[in-house]
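Close look at the chain arrangement
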Amino acid sequence: MSRFTRRSLLGAALAGTAGTLLPGQVSAWEGPLGSSPRQYVVNILLWGGLDGVLTVDPKDASATGHRIEPGYRPDERLAGTHRLFGPLAGGLIRHDTDLCLVHGVRTDTVSHPLGVRFVQRGRVKAPASGPWLGELLGASLPGDAPIPHLALGQSPEDFGSEDGLESAIVSTELLQALLDPRARAEQLGAWLRSRAQGSEDALGRLVATAEHQPRFQDPVLGPQLQLALQALQGNFARAITVSTASLHLDAHQEHLALQRRRLVPALEDVARFLDALKSVRTEHGSLFERTTVVLGSEFGRAPTYGTSSGKEHWPESSWVLAGRGIRGGATVGDTGLELRGLPIDYRTGRPTGDQRRPVLIDALSATLLHIASPGSTGHGFRSEDVLRCALAEPSAAWRQAIS
């Protein structure tokens, strides 16, 4: 495969002029409309190791011979419309019919830096200089939004590459300042002055006209989800990455208490974000129908508790998909008695048949790229790695496989 760069993948830089700025309100981008339909992807990354057993992959300790220690009784599991959830799943449960749960997704590492790199770039063994999956999605998605990839809660150092910077970045500090009346004017003004175009480019306009009042509660994810929602409403960005700080969910002591303190508000805000996408109507339907939402982490947590009630790292985790192109209510894959992901047939999502394979993070990336541009995954990802069982419109091969 020939070498590619971020610059060659993403094309032209941001262009267009901003109209009159409306303080505290994001108005739609006014650049020329393209002929392609608008479509978006939002990756929500909860770093530190998401515990699927507490959320979307609940377990009964007795059914596993106590090889898995959930940290709760079987009757504490919560019932959605399609399946059971762990006690910390929060508001995600009310969206059960729209969620595709993918269990046993492997990054094949228990190192935070490597896991973060593999997830950000969408593949196991990804090089540090490789483009982010968000950048590849931004280059593949149809639509006329001027920002290919909007990275929230990041810093330029996260994208260090010889190919140059192609993601539009808004730091956590600036995002939080936008919702603080005392800090907003000073920090926003300094940030705009540091930009060559100030508010006369798409990112400058988005940030300068961002809403003042907080709509979400989580202090880490809330400001990011708020600007992400406004970017979608105003058609500013095609692909958006939202991230917590590193190690946000890492708990080697008192694991359950930390997960309860941080996971519950985070997942409640993710649920509110889905609510908001469903409530915003366009001429082509709701924003939810035009947006693919992805929720995951760099790896999971071990099946049992250790010293000081902590949990170690685990090289697999559960992921949540929803929205455009996703088969709502589906469960893809399963984890066995040792919490190991079972190899599955990518056509059916089941651990049966003669075409079973592990579910690598690469498969999720190939699936998202296929949704963004059907039939042309590219960028080193293979069409045979697409999880056909997760697609809203499965292939004839999928129908035959499950019949």
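Everything here concerns the structure above.
**Looking at the packing of helix α3 (residues 133–140) against helix α9 (residues 361–372)**
Axis angle and axis distance: for two packed helices, these are the angle between their axes and the distance between the axes, and together they describe the pair. Direction vectors running N to C along α3 and α9 enclose 20 degrees, while the axes themselves pass 9 Å from each other. Taken together, α3 and α9 sit at an angle that is classed as roughly parallel. Once α3 is placed against α9, the crossing between them reads as right-handed. Here Leu133, Leu136, Leu137 and Ser140 of α3 lie close against α9, whose contacting residues are Ser365, Leu368, Leu369 and Ala372. Here the residues of the contact of α3 with α9 are counted per class, giving 6 nonpolar, 2 polar and no charged.

**A look at the pairing of strand β5 (residues 147–152)**
Burial within β5 is extensive, with 6 of its 6 residues counted as buried. When β5 meets strand β7 (residues 237–243), the two strands line up parallel, connected through 5 bridges. Each residue of the ladder has a partner; that of Ala151, found in β7, is Thr241.

**Focus on the pattern of salt bridges**
Taken as a whole, this structure holds 19 salt bridges when the rule is applied. Taking the shortest distance from any N to any O, the salt bridge between Asp345 and Arg347 comes out at 2.7 Å. We classify Asp345 as buried; its relative accessible area is 4%. Here Arg382 makes a salt bridge to Asp385, at a shortest N to O gap of 2.9 Å.

**Points about the layout of surface pockets**
Approximately 350 Å³ is the volume found for the second largest pocket. Lining the second largest pocket are 19 residues, and of these Trp47, Val116, Gln120, Asp158 and Ser246 lie nearest its centre. A total of 7 residues in the lining of the second largest pocket trace back to one element, the largest contributor, which is helix α2 (residues 112–121). For the lining of the second largest pocket, the residue count by class is 7 nonpolar, 8 polar and 4 charged.

**Some thoughts on the packing of aromatic side chains**
Applying the stated criterion across every chain yields a total of 0 aromatic pairs. Here Lys311 stacks its cationic end above the ring of Tyr305, 4.7 Å away from the centre of that ring. The positively charged end of Arg357 is found above the aromatic ring belonging to Tyr346, 3.8 Å away from the centroid.

Parameters and conventions
- Residues numbered from 1 in each chain as written.
- Predicted model: local features only at pLDDT ≥ 70, side-chain atom pairs only at ≥ 80, totals over all residues.
- Heavy atoms only, no water.
- Axes fitted to C-alpha atoms, helices over the stretch in contact; angles between N-to-C directions.
- Helix = DSSP H or I, 4+ residues; strand = E, 2+ residues; numbered from the N terminus.
- Parallel < 35°, antiparallel > 145°, perpendicular 65-115°, else oblique.
- Left-handed = near helix turned anticlockwise from the far one by under 90°.
- Contact = heavy atoms within 4.5 Å.
- Nonpolar A, V, L, I, M, F, W, Y, C, P; charged D, E, K, R; others polar.
- Buried < 20%, exposed > 50% of the residue type's maximum accessible area, 1.4 Å probe, protein only.
- Pairing = 2+ DSSP bridges.
- Salt bridge = Lys/Arg side-chain N within 4 Å of Asp/Glu carboxyl O.
- 1 Å grid on protein atoms, 1.4 Å probe; cavity = no way out; pocket = protein on both sides within 12 Å on 5 of 7 lines; lining within 4 Å.
- Points joined across faces, edges and corners; volume = space filled by probe spheres on them.
- Phe/Tyr/Trp six-rings, centres within 6.5 Å; stacked < 30°, edge-to-face > 60°.
- Lys NZ or Arg CZ within 6 Å of the ring centre and 35° of its normal.

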